[in-house]
Amino acid sequence: MTGKATPSLRDEVDKARQSAVSAIASATDTASLRKVAAELANKKSALNAIRAQLGKIEDAAEKKAVGQALSEATAEIESARVARENELGDAEFAAQVERERMDLTEFLTGPRRGTAHIVTQATERLEDVFIGLGFQVAEGPEVETDFYNFEALNMPASHPARSEFDTMFIEPFSDQHEANTVLLRTHTSPVQIRVMQSWKPPIYAIMPGRVFRRDTPDATHMPVFHQIEGLVIDKGITFAHLAGIIEAFTKAFFGNEFTSRLRPSFFPFTEPSAEFDIRRANGSWIELGGCGMVHPNVLAAGGIDPDEYTGFAFGFGIDRMAKERHGVEDIREMYTNDLRFLRQFT
Ligand code: PHE
């Protein structure tokens, strides 16, 4: 090998480097890139052929120069290969992800999803607050007997307080003073008796539900509406506990800026009895419901010894609260099932 041949060997290294780099660049997927790399690694590849001749170069300086050109070319080719491999790998992974993508799109173009009615929403919030205060939720039948709706609640036949409840009777021609006369409950208080009969004290219960009265619908009355009843029976329960629970409930449900007050009142099933009002932040009062210490006759009707236990009860309208909360002017609007009205409260 003459000294003259070596510059052309360096040219050949350069040519081999260029063609290797362009072969790498033109590989369109990792499989073909692997083939290109295998060809470059082959003993017969242009660079390896030159490398095989390295030993034959006599001029030490030239030998070093060609050797250096070879190693630079090898490094450049390798970094080109790694770069291309990453590039193709990323593209192939992205394509695979795209291929395997699962379409989890939720189509909201069909019927709208419904929401709970504002009275249901209010009931659920009330339940949450009372459950938070340690109460349990109970329910009773909407179709009741005279016994549970009146008699057990200290309103025997012909008690004058009965006339305050405009009752809808299921059997209108039966004797309406029989204990087993069937009627639509006029309040949730009969559930107090059912809870006392089936649970053992201590009792901390709330009883929400639908109630019925013979009323002509107007802006503030409906013949069908909702109440929530509360009942606590335990040893040593006093009126102070009642006031405390009403106040705790008021703050938890309406907010800390609200307070409550009790005004003397009368219910046959509680003694003493009170009406309770809540005070808005602006100082105005809203009448909410009735309450009082459970009358001993009522405890006895529920199978509880009035000498051992005392308790309190309260009851108030839920529709009124939903109406107040959402600024509904006419309570009848809540029950016309007009979607334009209902959809305001999603
Ligand atoms: N049941 C009464 C009503 O409907 C409310 C009430 C419940 C009062 C419990 C006192 C105790 O008006």
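Scroll up to find the structure.
Summary of the structure given here. Worth saying up front: this structure is predicted, and the values here are computed from it rather than measured.

### Side note on the sheet that holds strand β7 (residues 270-279)
- Overall, mixed pairing links the seven strands, which are arranged β1-β4-β5-β9-β8-β7-β6 in an open sheet. The outermost strands of the open sheet, each flanked by one partner alone, are β1 (136-137) and β6 (259-267).
- Sheet topology note: the strand β5 (residues 224-234)/strand β9 (residues 310-317) ladder contains eight bridges and is antiparallel. Looking at β9, one finds that Val232 is bridged to Phe312.
- Sheet contacts for helix α5 (residues 118-132): β1, β4 (203-212), β5 and β9; angle to β4, the most-contacted strand, approximately 170 degrees.
- In the packing of helix α8 (residues 239-254) onto the sheet, the strands contacted are β6, β7, β8 (285-294) and β9, and the crossing angle to β6 comes to about 130 degrees.

### A word on unusual backbone geometry
- Residue Pro202 follows Pro201 across a cis peptide bond; omega there is 5 degrees.
- Within the element layout of this structure, Pro202 appears in the loop between α7 (190-198) and β4.
- Here the bond from Glu271 into Pro272 is cis, since omega is -5 degrees, no more than 30 degrees from zero.
- Topologically, Pro272 is positioned in strand β7.
- A positive phi angle, close to 65 degrees, is found at Asn154, a residue other than glycine.
- Summarising the element assignment, Asn154 is placed in the loop between α6 (146-149) and β3 (182-184).
- The phi dihedral of Ser158 falls on the positive side, at around 65 degrees, and the residue is not glycine.
- If you trace the backbone, Ser158 turns up in the loop between α6 and β3.

Reading the values: rules and limits
Residues numbered from 1 in each chain as written. Predicted model: local features only at pLDDT ≥ 70, side-chain atom pairs only at ≥ 80, totals over all residues. Heavy atoms only, no water. Pairing = 2+ DSSP bridges. Helix = DSSP H or I, 4+ residues; strand = E, 2+ residues; numbered from the N terminus. Contact = heavy atoms within 4.5 Å. Axes fitted to C-alpha atoms, helices over the stretch in contact; angles between N-to-C directions.

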